[in-house]
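Here are the chains, one letter per residue:
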Number of protein chains: 2
Amino acid sequence: MKTIPSTDAIYTFVPDLRPVERARPGETVCFDALDALGGQVQVETDVLSGLDFERINPASGPLGVDGTQAGDTLAVHVIAIDMADQGAIVTGPGLGVLGDEVEHHATRILPIRDGRVGFGDLWIPAEPMIGVIGVAPASGAFATGTAHRHGGNMDTREIGIGAVLYLPVSQPGAMLAMGDVHAVMGDGEVCVSACEVAARITVRVDRIPGRSRDWPVVETAHAVHILVSLPTIEEALVEATRQAVGFVQAARGICREDAYMLCSLCVDIGVSQLVDPNKTAKASIPKFILPKPASELL
Amino acid sequence: MKTIPSTDAIYTFVPDLRPVERARPGETVCFDALDALGGQVQVETDVLSGLDFERINPASGPLGVDGTQAGDTLAVHVIAIDMADQGAIVTGPGLGVLGDEVEHHATRILPIRDGRVGFGDLWIPAEPMIGVIGVAPASGAFATGTAHRHGGNMDTREIGIGAVLYLPVSQPGAMLAMGDVHAVMGDGEVCVSACEVAARITVRVDRIPGRSRDWPVVETAHAVHILVSLPTIEEALVEATRQAVGFVQAARGICREDAYMLCSLCVDIGVSQLVDPNKTAKASIPKFILPKPASELL
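Residues numbered from 1 in each chain as written. Chains lettered and ligands numbered in written order. Predicted model: local features only at pLDDT ≥ 70, side-chain atom pairs only at ≥ 80, totals over all residues. Heavy atoms only, no water.

## Here we look at the overall build of chain A
Counting its secondary structure elements, chain A contains two helices and 22 strands. Whereas a compact globule of 298 residues would reach a radius of gyration of roughly 19 Å, chain A reaches 18 Å, a difference of no more than 12%. If one aligns the C-alpha atoms of chain A with their principal axes, the spans along those axes are about 55 × 40 × 40 Å. Within the span of chain A, comprising 298 residues, buried residues form 61% of the whole. A separation threshold of at least 6 residues defines the contact pool for chain A, and within that pool the share at least 24 residues apart is 75%. Accessible surface computed for chain A: about 10200 Å², of which carbon and sulfur atoms make up 49%. Of the side-chain charges in chain A, 22 are positive and 37 negative, and the distance between the mean point of each set is 8 Å. (Helix = DSSP H or I, 4+ residues; strand = E, 2+ residues; numbered from the N terminus. Rg over C-alpha atoms; globule rule 2.2 N^0.38 Å. Buried < 20%, exposed > 50% of the residue type's maximum accessible area, 1.4 Å probe, protein only. Contact = heavy atoms within 4.5 Å. Areas by Shrake-Rupley, 256 points an atom, 1.4 Å probe, with all protein chains shown as cover. Lys, Arg positive; Asp, Glu negative; His and termini not counted. Charge placed at Lys NZ, Arg CZ, Asp CG, Glu CD.)

And the structure:
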């Protein structure tokens, strides 16, 4: 199987990315990814303020997907996330939601064993997810630590094993890159990081021709989640609501008011992360209100 | 069993409420509650703009709980929510998250049958919850449509059957009132209403002496949710995060930085509602990280 090594990584999503590997639609590919700290934190005396920031948030890739064009959707099926046996979490003054109230830099090394993450004497069930995943944008340059319409640092728990992420394609070949695996993360990622861990990510890529949405969408067992990343969480929550109402209206062929009311009954508006340069909101639409498979409704 | 009729209702939570009924700690009481529209919407031509707004958001009560004092916590165990067989949802121009984009007032009458809510040809699983529930505040006057430290219109899905709501007590007798049952609601309540339905609510009230938190807390099977209601969702999300970090720090006896990191790993920051005068955020703390029962940690 084709494997992209962690040494092939980008730190900015730009329009003219050059692929380090290519795949056909339907092909399965592995991405070896460093943790979001670039592997620089191995013991608890390695604190964030001492790191080389040019090595933060590597995204392995890009992978070019043959025949994929602007205006298509790239479907990324997450087959497996095989994690290293140790992760790390970091925080410090100025970082995260309560950065003003934290006095010291702190790092905790978190062992990962038998599907659980150790924090002191607690063992937390692991729920591996991909923090950074995106494609070449239509225009502009987005550091891998930032999320927007192209994907990027969405830090969304639902992008885990078994999920399908749909990314709007803006450039030939899509140019898929990913990294920043978390062994576990709470919605909000409040302290600025989660259980940051190196991993081998296995995905199958597919092309959905001629259809592209404004924002990434991730499909899980029972819901379709629209992911919106904007400078404030307030803007992101409003736009996620707008996207959900539009999606439900089109999917069911109903009037705007009915779609708005149906979303008020059934759609959950939530938070992915509150700590990156753009904040990410999610609108979770239960599949039972959709008349067709999600992939046909994009 | 003592039953408070829907004709005994308040529209404002104020410090000096007079009880319409009294109960001892440990006693079970029923509250008959009109829907949040005051029962004024029975057919789809009854739209919100035509209603008498003085009858919106009735809260049945107040119930005085013997021996309860300022500085205590009132525990409200939700035993049952028996709903009428028809609810209603309303929206219109200027209402909800996307009020600027809605052209017409609209009402849908929603039959409730066999635990499901009908919306056109869809049948949505019912998940009954109490939208408005609160006690007399320390000071100020809060319309029942507004939520704050005393509770009120928190519109939180987790306040359902089997949950225990812990309310900070500010006045002798606590003065509990409730209403605004929803047969189903998505997080956010984006169109300004949900499936508004009349109901008989059965609760057991208990007193936790000498302990009181800053904000209401609701306990469900697997988590403890701190509910914060403030003028913007951004402020509410930040304060909910701060409350969760403080709760986890005290519960586990760990330093601030460790509590902050543990919350980043395990606590979900989310949205209850985006549409009332104060917006409500929730911080959901999984019970497995707490060393004692929630009621002992308040």
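## Some details on the sheet that holds strand S16 (residues 164–168) of chain B
Residue and element names in this part refer to chain B. The mixed open sheet is built from nine strands, whose spatial order is S1-S5-S18-S7-S16-S19-S20-S22-S21. Single-partner strands in this sheet number two, and they are strand S1 (3–4) and strand S21 (268–273). Of the pairings in the sheet, the one linking strand S19 (residues 217–219) to strand S20 (residues 223–230) comprises three bridges and is antiparallel in character. Note on S20: the bridge partner recorded for Glu219 is Val224. (Pairing = 2+ DSSP bridges.)

## Quick word on the interface of chain B and chain A
Residue-level contacts link 59 residues of chain B with 59 residues of chain A. Summed over the three residues of chain B that lose the most area to chain A, namely B:Tyr260, B:Met261 and B:Leu265, the buried surface amounts to 16% of that side. For the interface between chain B and chain A, the tally reads 10 salt bridges. The salt bridge partner of A:Arg256 is B:Glu101, with a shortest N-O separation of 3.0 Å. There are 37 residue pairs in polar contact (both at pLDDT 80 or more) connecting chain B and chain A. Elements supplying a minimum of two residues to the side of chain B that touches chain A: strand S8 (86–91), strand S9 (106–113), strand S11 (122–125), helix H1 (233–252), helix H2 (256–266) and S21 of chain B. Of the residues forming the side of chain B that touches chain A, the biggest block, 10 residues, is contributed by H2(B). Within the side of chain B that touches chain A, the residues separate by chemical class into 36 nonpolar, nine polar and 14 charged. (Buried area = accessible area lost by both parts, 1.4 Å probe. Salt bridge = Lys/Arg side-chain N within 4 Å of Asp/Glu carboxyl O. Polar contact = N/O pair within 3.5 Å; in protein donor to acceptor, adjacent residues only side chain to side chain. Nonpolar A, V, L, I, M, F, W, Y, C, P; charged D, E, K, R; others polar.)

## Observations regarding the packing of H1(B) against H2(B)
Residue and element names in this part refer to chain B. Two numbers describe how H1 lies on H2: the axes approach to 8 Å, and their chain directions differ by 115°. In this structure, H1 meets H2 at a crossing whose hand is right-handed. The segment H1 lies against H2, with Arg242, Ala244, Val245, Gly246, Val248, Gln249 and Arg252 engaging Arg256, Ala259, Tyr260, Leu262 and Cys263. (Axes fitted to C-alpha atoms, helices over the stretch in contact; angles between N-to-C directions. Left-handed = near helix turned anticlockwise from the far one by under 90°.)

## Brief notes about the pairing of strand S21 (residues 268–273) of chain A
Residue and element names in this part refer to chain A. The buried fraction of S21 amounts to five of the six residues, a majority that puts the element mostly inside the structure. Bridging between S21 and strand S22 (residues 279–286) involves five bridges; their strand directions are antiparallel. Across the sheet, Ile269 pairs through a bridge with Ala283, a residue of S22.

## Details of the nonpolar core
Among the nonpolar cores identified, the biggest contains 174 residues, and A:Ile133, A:Leu176, B:Ile133 and B:Leu176 are the most heavily contacted of them. If we ignore the near neighbours within four places in the chain, the residues touching B:Leu176 are B:Phe31, B:Ser60, B:Gly61, B:Pro62, B:Leu63, B:Leu74, B:Val76, B:Ile133, B:Gly134, B:Val135, B:Leu167 and B:Val205. (Core = buried A, V, L, I, M, F, W, Y, C linked by side-chain atoms within 4.5 Å.)

## Focus on the relation of the copies chain B and chain A
Superposing chain B onto chain A takes a rotation of 180° combined with a translation of 0.0 Å along the rotation axis, leaving an RMSD of 0.0 Å. As the rotation angle and translation indicate, the two copies are arranged about a two-fold axis. For chain B, the residue whose C-alpha comes nearest the rotation axis is B:Gly270, separated from it by 2.7 Å. A share of 100% of the interface residues of chain B reappears at the interface of chain A, consistent with the copies meeting face to face through the same patch. (Least-squares fit on C-alpha atoms with pLDDT ≥ 70 in both.)

## Quick notes on the side chain of B:Asp180
Residue and element names in this part refer to chain B. The topology assignment puts Asp180 in strand S17 (residues 174–182). Buried and unpaired, Asp180 has no salt bridge, with Arg157 as the nearest side chain of opposite charge at 13 Å. Engagement of the side chain of Asp180 in a polar contact is seen with the side chain of His182, the distance being 3.0 Å. Residue contacts for Asp180: discarding those within four places in its chain leaves Leu34, Ala36, Asn57, Pro58, Met129, Ile130, Gly131, Val132, Asn153, Asp155 and Glu196.

## Some details on a negative patch on the surface
On the surface, a cluster of negative charge is contributed by A:Glu234, A:Glu235, B:Glu234 and B:Glu235. Looking at the negative patch, the elements that each hand over two or more residues are helix H1 (233–252) of chain A together with H1 of chain B. Within the fold, B:Glu234 resides in helix H1. (Patch = residues over 30% accessible without salt bridge, like charges linked within 9 Å, V, L, I, M, F, W, Y side chains within 5 Å.)

## Overview of the side chain of B:Glu219
Along the chain, B:Glu219 turns up in strand S19. In this structure B:Glu219 touches B:Ala163, B:Val164, B:Tyr166, B:Val224, B:Lys287, B:Ala294 and B:Ser295, once residues within four positions along its chain are discounted.

## Observations concerning H1(B)
Along its 20 residues, H1(B) runs 28 Å from first to last C-alpha, staying within 8% of the 28 Å computed at 1.5 Å per residue. Within the sequence span of H1(B), burial applies to B:Ile233, B:Ala236, B:Leu237, B:Glu239, B:Ala240, B:Thr241, B:Gln243, B:Ala244, B:Val245, B:Phe247, B:Val248 and B:Ala251. In this fold, the buried residues of H1(B) make contact with H1 and S21 of chain A together with S20, H2, S21 and strand S22 (279–286) of chain B. With its phi angle positive at about 65°, B:Gly253 sits one or two positions after the end of H1(B). (Expected span 1.5 Å × (residues − 1).)

## Focus: the sheet that holds strand S16 (residues 164–168) of chain A
Taken together, the nine strands give an open sheet; going across it, the order is S1-S5-S18-S7-S16-S19-S20-S22-S21 (chain A), and neighbouring strands pair in mixed fashion. Two strands bound the open sheet, and with one partner strand each, they are strand S1 (3–4) and S21 of chain A.

## Overview of the pairing of strand S18 (residues 199–208) of chain B
All names here are of chain B. Sheet topology note: the strand S5 (residues 28–33)/S18 ladder contains six bridges and is antiparallel. Following the sheet pairing, Thr28 is matched in S18 by Arg204. Where strand S7 (residues 73–83) lies against S18, 10 bridges are found, and the strand directions are antiparallel. Across the sheet, residue Met83 finds its bridge partner in S18, namely Ala199.

## A closer look at the environment of A:Thr45
Residues and elements named next belong to chain A. Considering the arrangement of structural elements, one finds Thr45 in the loop between strand S5 (28–33) and strand S6 (59–65). Taking the relative accessible area as the measure of exposure, Thr45 reaches 69% and is therefore exposed. As a C-alpha pair, Thr45 and Ile285 span 240 residues in sequence and 43 Å in three-dimensional space.

## Observations concerning the confidence of the model for chain A
Averaged over chain A, the pLDDT score is 97; the fraction of residues at 70 or greater is 100%. Complex prediction metrics read pTM 0.98 and ipTM 0.98. (pLDDT = per-residue confidence, 0-100.)

## A few points about the state of the cysteines
All names here are of chain A. Scanning all chains against the criterion turns up zero disulfides over all chains. With no disulfide of its own, Cys266 lies 8.1 Å from the sulfur of Cys263, the closest cysteine sulfur. Given a relative accessible area of 10%, Cys266 falls into the buried group. (Disulfide = S-S within 2.5 Å.)

## Description of the environment of B:Val135
All names here are of chain B. Relative to the assigned elements, Val135 resides in the loop between strand S12 (129–134) and strand S13 (142–143). C-alpha of Val135 to C-alpha of Leu51: the two residues are 84 residues apart in sequence and 27 Å apart in space. If we ignore the near neighbours within four places in the chain, the residues touching Val135 are Phe13, Leu74, His150, Leu167, Pro168, Ala174, Met175 and Leu176.

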